[in-house]
Amino acid sequence: MTVGEQVTLEELERDPYPIYERLRDEEPVSWVPAVQLWLVTRYEDVRTVDLTPEVFTAATDPSTLNRTMGVNMLGSEGPDQQRVRRVVEPPFRPRDVEERTEGMIPALANELIDGFESRGECDLFREFADPMSVRSLRFMLGLDEVAWEDLLRWNEGLMPGLANFEGDPKKQSPADQASSALSEVIERVLDRLETEPDGSVLSSMLHHEDDGDMSRNEIVANTKLMLSGGLQEPRDLIALVVLALGDHPEQLEEIRTDRRLIKAAVEEALRWAGPVGTSTRQTTRATELAGVELEPGALIGAVLSSANRDPRRFSDPDRFDIHRKEGAHLAFAVGTHFCLGAWFGRHLARVSLEILLDRLPNLRLDPDRPATLGGWEFRAPDSTRVRWD
């Protein structure tokens, strides 16, 4: 029996990193029946998959992304993917993100902290990171008229479908219901934007005229994609960086003294426990990877989170170290499908951490209520209980 055949979904969900270590050492390209994917786990092999779309296409069949949200740019390849990306990308460039959110993100962070500051303790995941990410992205996209609690609920409904590589109908049904509810809301906002453009991402997609336009179906599907990534990744990143620093108080103290280290802390959190696990691809022809023959149509999970812990690339990779100087991680993938919201997520996490440290003196983890991390495709804590003076 191969190593991959011994892997269970339960083990992956609980803690995939010991599994990834064994796969990297013994079966770097491994068929894992539990998730119906060939898992690719070494850094250089993951880069090869992401950077060779003519051999490893994102337009997979089946596709958990397209099945759950409609055909979107992350589940597409070639001219259509490039056309949609050209339309959607400009509002997410660093300068555009900072200009559009200037003042809004600090004001929202301070408003949320005002709600719990006097208590001296809270669950930062639910009381700060959740509303911070969803309300910021709602503003960016142009969905302010939709209750943020509804967006959060629907997004949580989508997530099991996006990670449903095994095709479990019990996971897919609630995801499909959430997707349908989101479609109705987005269509309603688009109806208004037809005559009332407002400069939001949705408005820019609807009224874009250069280099091709987007159909309503494409706008709706890609808005769901941006919601799922833009809510989950920044939220989990905020929680993960606080957890990592809380478990390394000497590094947290360094950041309190020198705020320039916040950028490094966010990047190391992305490498150490990135919120998104894999790039999903499919072979377009017979090919060989790490000595393994892959047939045409083989479904591939290029495991970003494993690549980021590969000792062939990073020294002592399981160690969280804000002073690491070993170059780029792959948390946002690489190539034509590099995460569109990478700058938004980074910016939101950096500003949030800065304000949390300013407002909550001696911020630290609550030793009596430790968090439990879970998930392999979307890895996040169940809570982030903290205290302050």
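Shown above is the structure to which this text applies.
What you are looking at is a predicted structure, and each value in this text was computed from that prediction instead of being measured.

J.: When you look at the sheet that holds strand β4 (residues 121-123) in this model, what are you seeing that I'm missing?
T.: Think of a sheet as strands paired side by side through backbone hydrogen bonds, with each pair either parallel or antiparallel. An order of β4-β12-β9 is seen for the 3 strands of this open sheet, with the pairing classed as antiparallel. A strand with exactly one partner marks an edge of an open sheet, and here the two such strands are β4 and β9 (364-365). When β4 meets strand β12 (residues 385-387), the two strands line up antiparallel, connected through 3 bridges. What sits directly across from Asp123, in β12, is Arg385. Its contacts with the sheet put helix α9 (residues 124-141) on β4 and β12, and the angle it makes with β4 is roughly 65°.

J.: How do you make sense of the packing of α9 against helix α17 (residues 342-359) when you look at a structure like this?
T.: When two helices pack together, their arrangement is given by the angle between the helix axes and by the axis-to-axis distance. Interaxial distance between α9 and α17 falls to 11 Å at its minimum, and their mutual angle equals 135°. One finds that α9 runs oblique with respect to α17. Both α9 and α17 take part in a crossing whose hand is right-handed. Residues Leu124, Phe128, Met132, Ser133, Ser136, Leu137 and Met140 of α9 lie in contact with α17, whose contacting residues are Phe344, Leu348, Ser352 and Leu356. When the residues that make up the contact of α9 with α17 are grouped by side-chain class, the tally is 8 nonpolar, 3 polar and no charged.

J.: Explain unusual backbone geometry to me, please; I cannot follow it from the model alone.
T.: Backbone geometry follows two general trends: most residues other than glycine have a negative phi, and most peptide bonds adopt the trans configuration. Note that the residue after Asp61, namely Pro62, is joined by a cis bond; omega there is 5°. Of note, the phi angle at Ala290 is positive, near 55°, even though the residue is not glycine. Here Ala290 shows up in the loop between β6 (287-289) and β7 (292-294). The partly exposed category is assigned to Ala290, whose relative accessible area is 40%.

J.: What is the right way to read the pattern of salt bridges from this model?
T.: Side-chain pairs of opposite charge can arise where the charged atoms are in close proximity. All chains considered together, the criterion is met by 43 salt bridges. Measuring nitrogen to oxygen at the nearest pair gives 2.8 Å for the salt bridge that ties Arg119 to Glu127. Across the salt bridge formed by Arg324 and Glu268, the nearest N and O atoms sit 3.1 Å from each other. On the criterion of sequence distance, the pair formed by Arg324 in the loop between α16 (304-307) and α17 and Glu268 in helix α15 (residues 262-273) is long-range, its members being 56 residues apart. For the pair shown, Arg324 and Glu268 are each scored as buried. Sharing partners across several salt bridges, the network here consists of Arg119, Glu121, Glu127, Asp366, Asp368, Arg369, Arg385 and Arg387.

J.: I would appreciate a short explanation of the layout of surface pockets in the present structure.
T.: Empty pockets left among the atoms are what a rolling probe the size of a water molecule brings to light. Here the largest pocket is characterised by a volume of approximately 430 Å³. Lining the largest pocket are 21 residues, with Met159, Arg235, Gly374, Phe378 and Ala380 sitting closest to its centre. With 4 residues, the single largest contributor to the lining of the largest pocket is helix α10 (residues 148-162). Considering only residue class, the lining of the largest pocket consists of 8 nonpolar, 5 polar and 8 charged. The volume enclosed by the second largest pocket comes to roughly 240 Å³. Glu267, Glu268, Arg324, Gly327 and His329 are the residues nearest the centre of the second largest pocket, which is lined by 15 residues in total. Residue contributions to the lining of the second largest pocket peak at 5 residues, all from α15. Of the residues assigned to the lining of the second largest pocket, the class counts are 4 nonpolar, 2 polar and 9 charged.

J.: Is there a simple way to think about the sheet that holds strand β8 (residues 299-303) in this case?
T.: One open sheet holds the 5 strands; their spatial order is β1-β2-β8-β5-β3, and the pairing between them is mixed. Looking at which strands have only one partner, the edges of the open sheet turn out to be β1 (29-32) and β3 (56-57). Its contacts with the sheet put helix α4 (residues 43-51) on β2 (37-40), β3, β5 (278-283) and β8, and the angle it makes with β8 is roughly 125°.

J.: What should I look at first to understand empty space enclosed by the protein in this one?
T.: Under the counting rule described, the total for this entry stands at 2 cavities of 30 Å³ or more. Put simply, the largest cavity is a space of about 690 Å³. Taken together, 41 residues make up the lining of the largest cavity; nearest its centre are Leu74, Leu225, Glu233, Val276 and Cys339. Among the secondary structure elements, those contributing two or more residues to the lining of the largest cavity are α5 (64-69), α6 (79-88), α10, α13 (216-246), β5 and α17.

J.: What is the right way to look at the environment of Trp376 in this model?
T.: Secondary-structure assignment places Trp376 in the loop between β10 (373-374) and β11 (380-381). Overall, the relative accessible area of 3% leaves Trp376 in the buried class. In this structure, the C-alpha to C-alpha distance between Trp376 and Ala163, residues 213 residues apart in sequence, is 9.0 Å. Excluding anything up to four places from it in sequence, Trp376 contacts Leu9, Leu12, Glu13, Pro16, Tyr20, Val35, Leu37, Leu39, Phe165, Gly277 and Thr278.

J.: For this particular structure, what's the right way to read the environment of Val32?
T.: Topologically, Val32 is positioned in strand β1. Classification of Val32 by relative accessible area gives buried; the value is 0%. Apart from the residues within four sequence positions on either side, Val32 is in contact with Gly4, Val7, Leu37 and Leu39.

About the cut-offs
Residues numbered from 1 in each chain as written. Predicted model: local features only at pLDDT ≥ 70, side-chain atom pairs only at ≥ 80, totals over all residues. Heavy atoms only, no water. Pairing = 2+ DSSP bridges. Helix = DSSP H or I, 4+ residues; strand = E, 2+ residues; numbered from the N terminus. Contact = heavy atoms within 4.5 Å. Axes fitted to C-alpha atoms, helices over the stretch in contact; angles between N-to-C directions. Parallel < 35°, antiparallel > 145°, perpendicular 65-115°, else oblique. Left-handed = near helix turned anticlockwise from the far one by under 90°. Nonpolar A, V, L, I, M, F, W, Y, C, P; charged D, E, K, R; others polar. Buried < 20%, exposed > 50% of the residue type's maximum accessible area, 1.4 Å probe, protein only. Salt bridge = Lys/Arg side-chain N within 4 Å of Asp/Glu carboxyl O. 1 Å grid on protein atoms, 1.4 Å probe; cavity = no way out; pocket = protein on both sides within 12 Å on 5 of 7 lines; lining within 4 Å. Points joined across faces, edges and corners; volume = space filled by probe spheres on them.

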